[in-house]
Amino acid sequence: MGCRNLLGGWFGAALIGAAALATPPSLFGGGGDEGIDILPFRGGGDASGSRSDGAAGLGVPERPAIGWIAVHGKTVKLDANGRPDQTGLLLHSHSRTDLFVGTVGSEPDPFAVTTLDLLTKGPRKLIYGEFVPAKNALGGEPLLNLNGRFELAVLDDSPDGSAERLELIGRERKPAVLTVMVGHRSTRNGAIGPSFTQVDSTVTDALPSGAIDLLALREALLVDHAGSGVDIAIVLSTTTARGVEEAWASFHADDSEPRFDVEIRIP
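Numbering of residues starts from 1 in every chain and runs along the sequence as written. This being a predicted model, a pLDDT of at least 70 is required before a residue's local features are given, and a value of 80 or more before pairs of side-chain atoms are given or counted; all residues contribute to the totals for chains, interfaces and linings. Side-chain metrics in this entry use all non-hydrogen atoms of the structure; hydrogen atoms and water are not considered.

### A closer look at the overall build of the protein
1) Next: The helix and strand inventory of the protein stands at two helices and 15 strands.
2) Next: Any two residues whose heavy atoms approach within 4.5 Å at even a single point are treated as in contact. For the protein, contacts bridging at least 24 residues in sequence account for 74% of all contacts bridging at least 6.
3) Next: Shrake-Rupley sampling with a 1.4 Å probe provides the accessible areas, and residues are treated as covered by the protein chains on show and by no other component. Summed over all atoms, the accessible surface of the protein reaches about 11900 Å², with 54% contributed by carbon and sulfur. Secondary structure is summarised from DSSP: a helix means a run of H or I of at least four residues, a strand means a run of E of at least two, and numbering begins at the N terminus for each.

Shown next as structure tokens:
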């Protein structure tokens, strides 16, 4: 019951997703397995970005405002068919220019650290879509949607993690069902659901906003579960014309840093 009461307070205005995007998404790249040729090198002589040394116009990636997103693993194949309003994990204030293929410590710009470390898992591609706000738009920020099977560690060292905002969202932010499952996993490989060999509790509720702030919900759940050794899965389910789409994000209660095992299931 403690978990149910805790969640009840989060299904209000505090967890309503960002307002609907006012302009259409901007997609990019090819749609195949181009990979390296759509990495974030801007060039073009424009050095007006966040770098202060003028190198952005020399084929050097612009320094991210927040930090790099390191992408690595055995199945690193970047694609561009994703949309930022589809079921997945939405990263606020990040764009495709923040992505690089490599591990922490191998950033394209050594003076900008990695804040999100993304490890791809399984045979599925990492699919991403970017929203670029209209120029001079009030409150506009770049948004990056990630789709596939991966693990994401938040390495931001700010005390409250305020530099990062991670949202689990359903397609078009339609009303969804949110489930929180507490138990024990036998492995972090394969599908998340079957990896739970023991389920201690399951709480389900309506989520009118169609989105959930992962870091905020994690902190709330740790009030009751920190130090317990349990695994917690957050599942967002949305009904679409093609069937039920699910976004899973699981974490271990005793992880020293926010680390989410993410699986997006789209029929």
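### Some details on the pattern of salt bridges
1) Next: For this document, the term salt bridge refers to a Lys or Arg side-chain nitrogen within 4 Å of an Asp or Glu carboxyl oxygen. In total, this model carries 17 salt bridges according to the counting rule given.
2) Next: Here R265 makes a salt bridge to E263, at a shortest N to O gap of 3.1 Å.
3) Next: Here the residues in one salt-bridge network are K121, R149, E151, R185, R188, D255, E257, R259 and D261, joined through shared partners.

### Here we look at the sheet that holds strand β12 (residues 211-213)
Backbone-to-backbone hydrogen bonds join strands into a sheet, with any given pair of strands oriented parallel or antiparallel.
1) Next: By the convention used here, strands pair only if DSSP detects at least 2 bridges between them. Taken in spatial order, the six strands make up an open sheet running β2-β6-β7-β3-β9-β12, and their pairing is mixed. Two strands close off the open sheet at either side, each with one partner strand: β2 (78-79) and β12.
2) Next: All axes here are fitted lines through C-alpha atoms, helices being fitted over the stretch that makes contact, and every angle between N-to-C directions spans 0 to 180 degrees. The strands touched by helix α2 (residues 214-225) are β3 (88-92), β9 (166-169) and β12; relative to β12, the strand with the most contacts, the crossing angle is about 60°.

### Here we look at the side chain of T75
1) Next: Within the fold, T75 resides in the loop between β1 (68-72) and β2.
2) Next: We define a polar contact as two N or O atoms separated by no more than 3.5 Å, with the added condition that, inside protein, one atom must be a possible hydrogen donor and the other a possible acceptor, whereas residues neighbouring each other in sequence contribute only through side-chain atom pairs. Side-chain polar atoms of T75 contact the side chain of T120, separated by 3.3 Å.
3) Next: Engagement of the side chain of T75 in a polar contact is seen with the backbone oxygen of G122, the distance being 3.0 Å.
4) Next: With residues near it in sequence (within four places) discarded, T75 still touches T120, K121, G122, P123 and R124.

### Here we look at the pairing of strand β13 (residues 231-240)
1) Next: Within β13, nine of the 10 residues are buried, which leaves the element mostly enclosed by the surrounding structure.
2) Next: Both β13 and strand β14 (residues 243-252) contribute to a ladder of 10 bridges, which runs antiparallel. What sits directly across from L236, in β14, is A247.
3) Next: Here β13 hands over to β14 after two residues, the two strands then running antiparallel side by side. When a residue's accessible area, from a 1.4 Å probe over protein chains only, is under 20% of the maximum for its type it is buried; when over 50% it is exposed; and in between it is partly exposed.

### Some points on the environment of I69
1) Next: With respect to the helices and strands, I69 occurs in strand β1.
2) Next: Distance from I69 to D98, taken between C-alpha atoms, is 5.8 Å for residues 29 residues apart in sequence.
3) Next: Excluding its chain neighbours within four sequence positions, the residues that come into contact with I69 are L91, H94, D98, L99, F100, L116 and L144.

### So, unusual backbone geometry
1) Next: Of note, the phi angle at S93 is positive, near 65°, even though the residue is not glycine.
2) Next: By secondary structure assignment, the location of S93 is in the loop between β3 and β4 (99-101).
3) Next: Residue classification places S93 among the partly exposed positions, given a relative accessible area of 30%.
4) Next: The residue R173 is not glycine, and still its phi comes out positive at about 55°.
5) Next: Structurally, the position occupied by R173 is in the loop between β9 and β10 (176-185).

### What about the environment of A153?
1) Next: For A153, the location among the structural elements is in strand β8 (residues 149-154).
2) Next: Judged by its relative accessible area of 1%, A153 is buried.
3) Next: Between the C-alpha atoms of A153 and R259, which are 106 residues apart in sequence, the distance is 4.2 Å.
4) Next: In this view, A153 contacts T115, L116, D117, E257, P258 and R259; residues no more than four positions away in its chain are not counted.

### Examining the nonpolar core
1) Next: We define the nonpolar core as a collection of buried residues of types Ala, Val, Leu, Ile, Met, Phe, Trp, Tyr and Cys that are connected through side-chain atoms lying within 4.5 Å of one another. In this structure, L89, L91, L166, L168 and L214 are the most contacted members of the largest nonpolar core, which totals 39 residues.
2) Next: Of all the elements, α2 adds the most residues to this core, at five residues.
3) Next: Counting six residues, the second largest nonpolar core, distinct from the first, contains M181, I192, F196 and W248.

### Considerations on α2
One turn of an α-helix holds 3.6 residues; hence residues three or four places apart share an orientation.
1) Next: Multiplying 1.5 Å by the residue count of a helix minus one yields the expected span of that helix. Taking 1.5 Å as the rise per residue, α2 with 12 residues should run 16 Å; its terminal C-alpha atoms sit 16 Å apart, in good agreement.
2) Next: Within α2, the full set of buried residues consists of L214, L215, L217, R218, A220, L221, L222 and H225.
3) Next: At the exit of α2 stands G227, carrying a positive phi of roughly 80°.

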